[in-house]
Amino acid sequence: MTATPDAKPRGTRLPRLARRRQLLSAAQEVFVENGYHAAAMDEIADRAGVSKPVLYQHFPGKLELYLALLDLHVDDMVTRCREALASTTENKLRVQATFSAFFDFVSTQGEAFRLVFESDLRNVAPVRQRVERSLNECAEMVSAVIQEDTGCTSDEAHLLGVGLVGMAEVSARYWVSEHGSIPKDAAEQLMARLAWRGISGFPRTA
C-alpha cells in the first residue's frame, strides 16, 4: 500500500502507552476525515507509521479502536461539564460556563466532536449507549443543581437538565457548522442568556 502524505516513518519503538496515544491520534484523523465505514485499518496504521500487526496488538478490530477513541472524548465532554458547574456557586455564571464547555468541546483541535455527535455509527448500540450515557451524565449534573435550588421534583429537574444540555449541544454544533459566523464568545453569551432567562424564572427555595 502506498504511504499517505501524512504517514509517519516507521521503526521508532515507543512505550506501550505512548504508542497507544499515537495510534488513537492517527485513528482520529482518519475517522474524522472519512467516517467510520470508509476508514481503513491500513490507512490508520500507515498514518501512525506502524505495521498493521502492531495496530492489532493494541486494538483487535476497527470497532474496538473507534470505541476507545469515543470513550476518551465522551469522558472529556463530561469532565468539561462537571468542571463548569463546579467553577462557581453563582447559577447565572454556571449556565454561562456550561454553554462555554460545549462550545469549547466542539472547538477542540481535530474535530473530535464529530466522533461523538456526527458519527455514522450513532445507531450502533455500543456507540449510541456511550453518547447517550455521557449526555445523560451532563443532564444529571445540571438537574442536581436545579433540584437543589428550586422546588422542582427530581423528574422535573431532570427534564430541565436534559433541555439545557440539549440546547447547549445543538447550538454549539450549529455554531461550528456555520464556521463561527458569530464570534465564539458572543455565541456562548447569546445562548446562555436565552437559557438563563428561562431557568431563572423558577423560584429558589433558599
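Owing to the predicted nature of the structure, the values given are computational and were not obtained by experimental measurement.

(A) Representation of the overall build of the protein chain within the structure. Looking only at helices and strands, the protein chain has 9 helices and 0 strands in total. Tracing the protein chain from N to C terminus, the helices and strands come up as α-α-α-α-α-α-α-α-α. Expressed along its principal axes, the backbone C-alpha trace of the protein chain runs to roughly 65 × 35 × 30 Å. Out of the 206 residues belonging to the protein chain, those deemed buried represent 45%. Pairs at least 24 apart in sequence give 69% of the contacts found in the protein chain among residues at least 6 apart. With an accessible surface of roughly 11,000 Å², the protein chain has 53% of that area assigned to carbon and sulfur atoms. Each charge class in the protein chain can be summarised by its mean position, and for the 24 positive and 27 negative side chains these summaries are 5 Å apart.

(B) Examining the nonpolar core more closely. By size, the foremost hydrophobic cluster in this structure holds 59 residues, and its most contacted members are Phe31 and Leu65. Every element with two or more residues in this core is listed here: α1 (16-38), α2 (41-48), α4 (62-86), α5 (91-106), α6 (113-117), α7 (125-149), α8 (154-177) and α9 (184-199). If you tally residues by element for this core, the top one is α4, at 11 residues.

(C) Expanded view of the pattern of salt bridges. The final tally for this structure, using the stated rule, is 12 salt bridges. Notably, a salt bridge pairs Arg47 with Glu29, separated by 3.0 Å at the nearest N-O pair. In this pair, Arg47 is assigned in helix α2 and Glu29 in helix α1, connecting sequence segments 18 residues apart. The exposure class assigned to Arg47 is buried, which follows from its relative accessible area of 3%. Ionic pairing is found between Glu111 and Arg114, a salt bridge with its closest N-O pair at 3.2 Å. When its relative accessible area of 35% is taken as the criterion, Glu111 is described as partly exposed. Accessibility expressed as a relative area gives 25% for Arg114, which makes it partly exposed. Taken together, the shared-partner salt bridges connect Glu29, Glu33, Glu43 and Arg47 into one network.

(D) Summary view of the confidence of the model for the protein chain. For the protein chain, per-residue confidence averages 90 on the pLDDT scale, and residues scoring 70 or more make up 94% of the total. For the stretch residues 1-5, pLDDT sits under 50, and the model shows 7 contacts to residues farther than four places along the chain or on other chains.

(E) The arrangement of the UniProt feature "domain: HTH tetR-type" (unreviewed entry) in the protein chain in detail. In the numbering adopted here, UniProt assigns the feature "domain: HTH tetR-type" (unreviewed entry) to residues 17-77. Its end C-alpha atoms 22 Å apart, residues 17-77 is made of 87% helix and 0% strand.

(F) The arrangement of the packing of α1 against α4 in detail. Put simply, α1 and α4 touch, their axes get as near as 10 Å, and they point 100 degrees apart. Taken as axis vectors, α1 and α4 run roughly perpendicular relative to one another. Every residue of α4 that contacts α1 at Arg20, Leu24, Ala27, Gln28, Phe31, Tyr36 and His37 is listed here: Lys62, Leu63, Leu65, Tyr66, Ala68, Leu69, Leu72 and His73. A breakdown of the residues in the contact of α1 with α4 according to their chemical character gives 10 nonpolar, 3 polar and 2 charged.

(G) Highlighting the packing of aromatic side chains. A complete count under the given rule lists 5 aromatic pairs for this structure. With a centroid separation of 4.9 Å and 80 degrees between ring planes, the pair formed by Phe31 and Tyr66 is classed as edge-to-face. One end of the pair, Phe31, is in helix α1; the other, Tyr66, is in helix α4, with 35 residues separating them in the sequence. On the numbers, 6.0 Å between centres and 80 degrees between planes, the contact of Phe105 with Phe117 is edge-to-face. On the criterion of sequence distance, the pair formed by Phe105 in helix α5 and Phe117 in helix α6 is long-range, its members being 12 residues apart. Note on Phe117: relative accessible area 4%, which makes it buried.

(H) Up close: the packing of α1 against α2. Between α1 and α2, whose axes approach to 8 Å, the crossing angle comes to 130 degrees. One finds that α1 runs oblique with respect to α2. In terms of crossing hand, the pair formed by α1 and α2 is right-handed. For the pair formed by α1 and α2, the contact residues are Gln22, Leu23, Ala26, Ala27, Glu29, Val30, Phe31, Glu33 and Asn34 on the first element and Glu43, Ile44, Arg47 and Ala48 on the second. Each residue belonging to the contact of α1 with α2 can be placed in one class, and the counts come to 7 nonpolar, 2 polar and 4 charged.

Rules behind the numbers
Residues numbered from 1 in each chain as written. Predicted model: local features only at pLDDT ≥ 70, side-chain atom pairs only at ≥ 80, totals over all residues. Heavy atoms only, no water. Helix = DSSP H or I, 4+ residues; strand = E, 2+ residues; numbered from the N terminus. Buried < 20%, exposed > 50% of the residue type's maximum accessible area, 1.4 Å probe, protein only. Contact = heavy atoms within 4.5 Å. Areas by Shrake-Rupley, 256 points an atom, 1.4 Å probe, with all protein chains shown as cover. Lys, Arg positive; Asp, Glu negative; His and termini not counted. Charge placed at Lys NZ, Arg CZ, Asp CG, Glu CD. Core = buried A, V, L, I, M, F, W, Y, C linked by side-chain atoms within 4.5 Å. Salt bridge = Lys/Arg side-chain N within 4 Å of Asp/Glu carboxyl O. pLDDT = per-residue confidence, 0-100. UniProt positions renumbered as here; feature names shortened; annotations may be inferred. Axes fitted to C-alpha atoms, helices over the stretch in contact; angles between N-to-C directions. Parallel < 35°, antiparallel > 145°, perpendicular 65-115°, else oblique. Nonpolar A, V, L, I, M, F, W, Y, C, P; charged D, E, K, R; others polar. Phe/Tyr/Trp six-rings, centres within 6.5 Å; stacked < 30°, edge-to-face > 60°. Left-handed = near helix turned anticlockwise from the far one by under 90°.

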